[in-house]
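# Observations on the three-dimensional arrangement
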Amino acid sequence: MDLKPTHQGSATVLSPAGRIDHATADAFQGALQPHVDQCKAGHAPIVLDMHGLDYISSVGLRVLMMAARQVKTQHGRMVISGLTPLVKEVFEISRFNLVFELFEDRRAAIAALGSDG
Amino acid sequence: MKLRFWGTRGSIPIALTAPAIRGKLITALSGAIGRGLDTPEKIAHYVDNDLSFDVRGTFGGHSSCVDLVTTGDEHVIFDLGSGARPLGQAMLDRYGPASPQTYHVFMSHVHWDHIMGFPFFAPVYIPGNRIVIHGCHDVLEAAFRRQQAAPSFPVDFSQLAATIEFDLMVPGKRQRIAGLDVTPKLQRHEGDSYGYRVEANGKCIVYSTDSEHKVDDHEERASFVEFFRDADIVVFDAMYALADAISVKADWGHSSNIVGVELCQAAGVRCLCMYHHEPAYDDERIAAVLQETRRFEEITRSGPPLQIVSAYDGLELTA
């Protein structure tokens, strides 16, 4: 899965798109993992810009949970931006809105990361 | 086949508290202001039609116990949590002590909250009754005997008047019991638990509680989709939110509403019954989870609608 990594401001922006479900979760995890490994204290934070994501199932959410836990232990920072209304509902129903910092769009996420140093 | 729920709470029985009842009364009476409810009939209509279930009722607090009403003469029960006490009383009220009955009980496992109702299940004290306890744990009988051994209970197992038998079932092997085809399945839970797929007369009910699902285990997922395949009703352990189930409460042996919907959708199930409610949740919270789960089903639906209900003590569901 191509996450189309770009560097904007101080952050690495990743843009998963389409569906993350049982058919694609392993590919998503494989693509995400190198970036998560680098997301440490003093390194670039990650913005997961999900504006192009149509759906994420439980197995995709688990990938995000594992990534969040690893980033936390590394004292890095990973935030999410641009959730579509439906995916935002999935986050709320699954309580993943309590796991991640969510921003309306990529610009807001990058601004918040920048202002937080 | 009809399921009747006598205990739907997970892990430990709970009771409504005085503050909780006061809160329901305040909500109900506030909603009645200006409605001119000046007769008992108007009040009853208001309660039945204008108040939500979590205000006019309660999901209840008994631990796991469900009975399956069939066309046969023998009774079928899943688990003997504290809900077995009112179930036993209802059986005694209906049949009295002079009409011996046979009860088949299918045990998910023998953790405390699933066996604690047995010493209070009145039919065990009636001579002539036959109680067959089916399960897949080799410690099945020992667990029931130990529960009633001194100093934990005043009546030892050996003093029970009914004839009590134990039947060790084999996971994956279909057995004909009480006119039903019953197939147990191993589930992920500390000490193991077992779900039961019950089929009769073209209908199918699955009882699957105390079962954790690792969402990244594709083989396990596929096996549960087959176990649930085309069921009319799946009674499902939806104790936690997904974020909790796969993080702080991973390996606690329970599942989530999200996974319940995903598995049931994949399996073509007609009705998902959320069960084994978190004891920390009040009625308002469980009702909110039900609404959210229905919404989740709606936005993820790709086939026929999946009906979603939240079990409560007293619920009856017909397959």
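Residues numbered from 1 in each chain as written. Chains lettered and ligands numbered in written order. Predicted model: local features only at pLDDT ≥ 70, side-chain atom pairs only at ≥ 80, totals over all residues.

### Focus: the sheet that holds strand β5 (residues 130–135) of chain B
All names here are of chain B. Here is the rule we go by: Here, any two strands with at least 2 DSSP bridges between them count as paired. The way it works is that DSSP assigns letters per residue, a run of H or I at least four long becomes a helix, a run of E at least two long becomes a strand, and they are numbered from the N terminus. Each axis is a line fitted through C-alpha atoms, and for a helix only the stretch in contact is used; angles between axes span 0 to 180 degrees, taken between their N-to-C directions.
In spatial order, the strands read β6-β5-β4-β3-β2-β1-β14; together these seven strands make up an open sheet with mixed pairing. The two strands at the open ends of the sheet, each matched to only one other strand, are β6 (163–168) and β14 (316–318). Each neighbouring strand pair of the sheet contributes to a mean axis angle of 20°, computed without reference to strand direction. The sheet contact formed by β5 and β6 spans six bridges and is parallel. Residue pairing for β6: isoleucine 131 is matched across the bridge by isoleucine 164.

### Some details on the interface of chain A and chain B
Just so we agree on the cut-off: Here contacts are defined at the residue level, using C-beta atoms placed from the backbone and a cut-off of 7 Å between them.
If you look at the interface, chain A gives 16 residues, while chain B gives 16 residues. Going through the elements one at a time, α2 (58–73) and α3 (85–94) of chain A are the ones with two or more residues in the side of chain A that touches chain B.

### Describing the sheet that holds strand β12 (residues 271–275) of chain B
Residues and elements named next belong to chain B. Spatially, β7-β8-β9-β10-β11-β12-β13 is the arrangement adopted by the seven strands of the open sheet, whose pairing is mixed. The open sheet has two edge strands, β7 (175–177) and β13 (307–310), and neither has a second partner. Mean inter-strand twist for the sheet, computed between neighbouring axes without regard to direction, equals 25°. Of the pairings in the sheet, the one linking strand β10 (residues 203–208) to strand β11 (residues 233–237) comprises four bridges and is parallel in character. Looking across to β11, one finds that serine 208 is bridged to phenylalanine 236. Contacts from helix α9 (residues 257–267) reach β11 and β12, with the element oriented near 155° to β12. Where helix α10 (residues 283–300) meets the sheet, its contacts fall on β12 and β13, and the angle it forms with β13 comes to roughly 170°.

### Brief notes about the domain arrangement of chain B
The extent of an interface is frequently quoted as the accessible surface area lost upon association of the parts. Residue and element names in this part refer to chain B. Rules: Throughout the structure description, domain borders are defined by an automatic or database domain assignment. Charged means Asp, Glu, Lys or Arg here, nonpolar means Ala, Val, Leu, Ile, Met, Phe, Trp, Tyr, Cys or Pro, and polar covers whatever is left, Gly included.
On domain assignment, one finds that chain B holds domain 1 (2–14 + 58–318) and domain 2 (18–56). Using only C-alpha atoms to locate each centre, domain 1 and domain 2 end up separated by 32 Å. With five residues of domain 1 at the interface, the matching set in domain 2 holds four residues. Per-class residue counts for the side of domain 1 that touches domain 2 are two nonpolar, no polar and three charged.

### Points about the pairing of strand β4 (residues 102–106) of chain B
Residue and element names in this part refer to chain B. Spelled out, the test is: Working definition of burial: number of other C-beta atoms within 10 Å of the residue's own, with buried at 20 or more, exposed at 12 or fewer, and partly exposed in between, all C-beta atoms being placed from the backbone.
Burial within β4 is extensive, with four of its five residues counted as buried. One ladder, built from four bridges, connects strand β3 (residues 75–78) with β4; its direction is parallel. Across the sheet, phenylalanine 78 pairs through a bridge with phenylalanine 106, a residue of β4. Pairing analysis gives five bridges linking β4 to β5, with the strands arranged parallel. Each bridged residue has a counterpart across the sheet, and for threonine 102 the counterpart in β5 is arginine 130.

### Digging into the nonpolar core
What tends to happen in soluble globular proteins is that the nonpolar side chains get buried as a cluster. Rules: When buried Ala, Val, Leu, Ile, Met, Phe, Trp, Tyr and Cys residues are joined through C-beta atoms within 7 Å, the set is termed a nonpolar core.
Counting residues in hydrophobic clusters, the biggest one holds 112 residues, and the most contacted among them are Ile205(B), Val234(B), Val235(B) and Leu272(B). Per-element accounting of this core gives the leading share, eight residues, to α2(A).

### Description of helix α1 (residues 18–32) of chain B
All names here are of chain B. For clarity, the threshold we go by: In this analysis, the expected span of each helix is defined as 1.5 Å times one less than the number of residues it contains.
When the terminal C-alpha atoms of α1 are compared, their 21 Å separation across 15 residues agrees well with the 21 Å that a helix rising 1.5 Å per residue should span. Sparse coverage of α1 is indicated by the burial of zero of its 15 residues. The positive-phi residue at the C-terminal boundary of α1 is glycine 34, with phi of around 80°.

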